[in-house]
Amino acid sequence: MSKFINPMTDFGFKYIFGREESKPFLIDFLNNILKDEPGFDTIISLEYLDKEKSRARKGERGVIYDIHCTSSNGSKFTVEMQNNEQAYYIDRMIYYASKAIVDQGRTGHDWMYEYDPVYVISFMNFVSDNFGDAFRTDAALCDLLTHRPISDKQRYIFIQLPLFDKHSPEECTDDIDRWYYVFINMSTMETMPFRQQKILFDKLSNVASYANLSREDRMAYDADLKAYRDMVGQLAFAEAKGYALGKAQGEAKVWAEIVTSMRSTGMNDETIAKITGQTMDRIRSLGSHES
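Every chain begins its residue count from 1, and numbering advances along the sequence as written. Local features in a predicted model are, by the rule used here, given only for residues with pLDDT of at least 70; side-chain atom pairs are given and counted only at 80 or more, and totals for whole chains, interfaces and linings are based on all residues. Water and hydrogen atoms play no part in the side-chain values, which are based on all heavy atoms of the structure.

With respect to the overall build of the protein
Move 1: Check the secondary structure of the protein and you find 10 helices and six strands.
Move 2: Expressed as a percentage of the 291 residues in the protein, the buried residues total 45%.
Move 3: The contact criterion used is simple: two residues touch if any of their non-hydrogen atoms lie within 4.5 Å. Considering only residue pairs separated by 6 or more positions, the protein has 61% of its internal contacts joining residues 24 or more positions apart.
Move 4: Accessible surface is estimated by sampling points in the Shrake-Rupley manner with a 1.4 Å probe; for residues, cover comes only from the protein chains shown. For the protein, the exposed surface amounts to about 15800 Å²; the carbon and sulfur share of it is 51%. Secondary structure elements are defined from DSSP: runs of H or I of at least 4 residues count as helices, runs of E of at least 2 residues count as strands, and each element is numbered from the N terminus. Classification of residues uses two cut-offs on accessible area relative to the type maximum, computed with a 1.4 Å probe and protein chains only: under 20% is buried, over 50% is exposed, and between them is partly exposed.

Take a look at the structure:
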């Protein structure tokens, strides 16, 4: 079992970012993500909106939070964590933003359609053809000819986590890169990096420690981690089968990427071999691996 919980799981993301005692982590994470957005002011506090009021997603994996952020401009943010690619992904994000806007509506003739801006921040544990090889894509309502924004009421930020290009703590020179690095690599880390640069990561080391989970939380996390690994394995195997018709050299490259991705979730080679149907020798020969 890994030393730290995996934030890519529904349980892990909620435990690290979605509890009252976790607010300092989410506030710092969001402030670093949004600091360069036009007109953005620092978030000083936030409130979680009851997810059941605005999100009916029975049977779907993925964590969605509506977050009321308090800043000098009164912005409201919607944070989206999506573990797996689903059909009509962009349509879903637009729907969530629209729902967050509609939820601010008030009855009565005196309401003049004033509402707080809505940000959709989507952490994607997959790569989409819609965004090519861009790690981060920022979208808004704009003029198609001049590309000038026509409204600040809707912003979309899509972050393709597999395309993060910092592969060691030494390469992360600012706080947002440090957050991305920890977020992506937490489940395979032995120690929490950046504790000297930022005291918040020292606190995160304790909060995200598997050993510090209660017995009840540990059981819930173990079940969720198994479901997540099964989902990743099934998706990886399906992708591999789809590439099976390609050239042998191309297929080998794809398999290497798949095995590396599966290892990043904390799977060992034996589990990967069982899921993919490959031999242990074949798995050991693919992808980067550190004992």
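Some details on the nonpolar core
Move 1: Counting residues in hydrophobic clusters, the biggest one holds 50 residues, and the most contacted among them are Phe17, Phe29, Ile33, Ile159, Met186 and Leu204.
Move 2: No other element matches the seven residues that helix 2 (residues 23–34) contributes to this core.
Move 3: Residues contacting Leu204, with those up to four places away along its chain left out, are Ile16, Phe25, Trp179, Val182, Met186 and Met192. We define a nonpolar core as any set of buried Ala, Val, Leu, Ile, Met, Phe, Trp, Tyr and Cys residues linked to one another through side-chain atoms lying within 4.5 Å.

Describing helix 5 (residues 175–185)
Move 1: With nine of 11 residues buried, helix 5 is to be regarded as a mostly interior element.
Move 2: For helix 5, the complete set of buried residues consists of Asp175, Ile176, Asp177, Arg178, Trp179, Tyr180, Tyr181, Val182 and Phe183.

Examining unusual backbone geometry
Move 1: Phi at His147 takes a positive value of approximately 65°, unusual for a residue other than glycine.
Move 2: When you line up the elements, His147 lands in the loop between strand 5 (136–140) and strand 6 (154–160).
Move 3: Exposure remark for His147: the relative accessible area of 60% places this residue in the exposed category.
Move 4: Phi angles above zero are rare outside glycine, and Phe194 is one such case at about 70°.

Description of helix 9 (residues 269–276)
Three or four residues apart is the spacing at which side chains of an α-helix point the same way, because the helix has 3.6 residues per turn.
Move 1: Of the residues making up helix 9, those classed as buried are Asp269, Ile272, Ala273 and Thr276. An end-on view of helix 9 places all buried positions within 100° of arc, on one side of the element.
Move 2: Note on helix 9: the residue one or two positions beyond its end, Gly277, has a positive phi of about 80°. The directions considered for the arc are those from the helix axis to the C-beta atoms.

Considering the environment of Phe123
Move 1: Tracing the backbone shows Phe123 in strand 4 (residues 118–124).
Move 2: A residue is classified by how much of its surface remains accessible, and Phe123, at 2% relative accessible area, is buried.
Move 3: Each C-alpha atom of the pair Phe123 and Met8 lies 9.4 Å from the other, and the pair is 115 residues apart in sequence.

Some points on the packing of aromatic side chains
Move 1: In this analysis, rings of Phe, Tyr and Trp, with Trp reduced to its six-membered ring, are considered paired at centre separations within 6.5 Å, and the interplanar angle assigns stacked below 30 degrees, edge-to-face beyond 60, and tilted for intermediate values. Inspection of the entire model under this criterion finds 25 aromatic pairs.
Move 2: Arranged with centres 5.5 Å apart and planes meeting at 15°, the rings of Phe11 and Tyr15 form a pair that is stacked. Note that Phe11 and Tyr15 are positioned in helix 1 (residues 10–17) at a spacing of four residues, about one turn of the helix. Here the two residues Phe11 and Tyr15 agree in accessibility, since each one is buried.
Move 3: Through a chain of ring-to-ring contacts, the aromatic side chains of Phe13, Phe17, Phe29, Phe123, Phe135, Phe164, Trp179, Tyr180, Tyr181, Phe183, Phe194 and Phe201 assemble into a single cluster.
Move 4: Positioned above the aromatic ring of Tyr15 is the side chain of Arg19, whose terminal nitrogen or guanidinium carbon lies 3.7 Å from the ring centre.
Move 5: In our convention, an over-ring charge means Lys NZ or Arg CZ found within 6 Å of a ring centre and within 35 degrees of that ring's normal. Lying across the ring of Tyr115, Lys153 places its NZ or CZ 5.2 Å from the centre.

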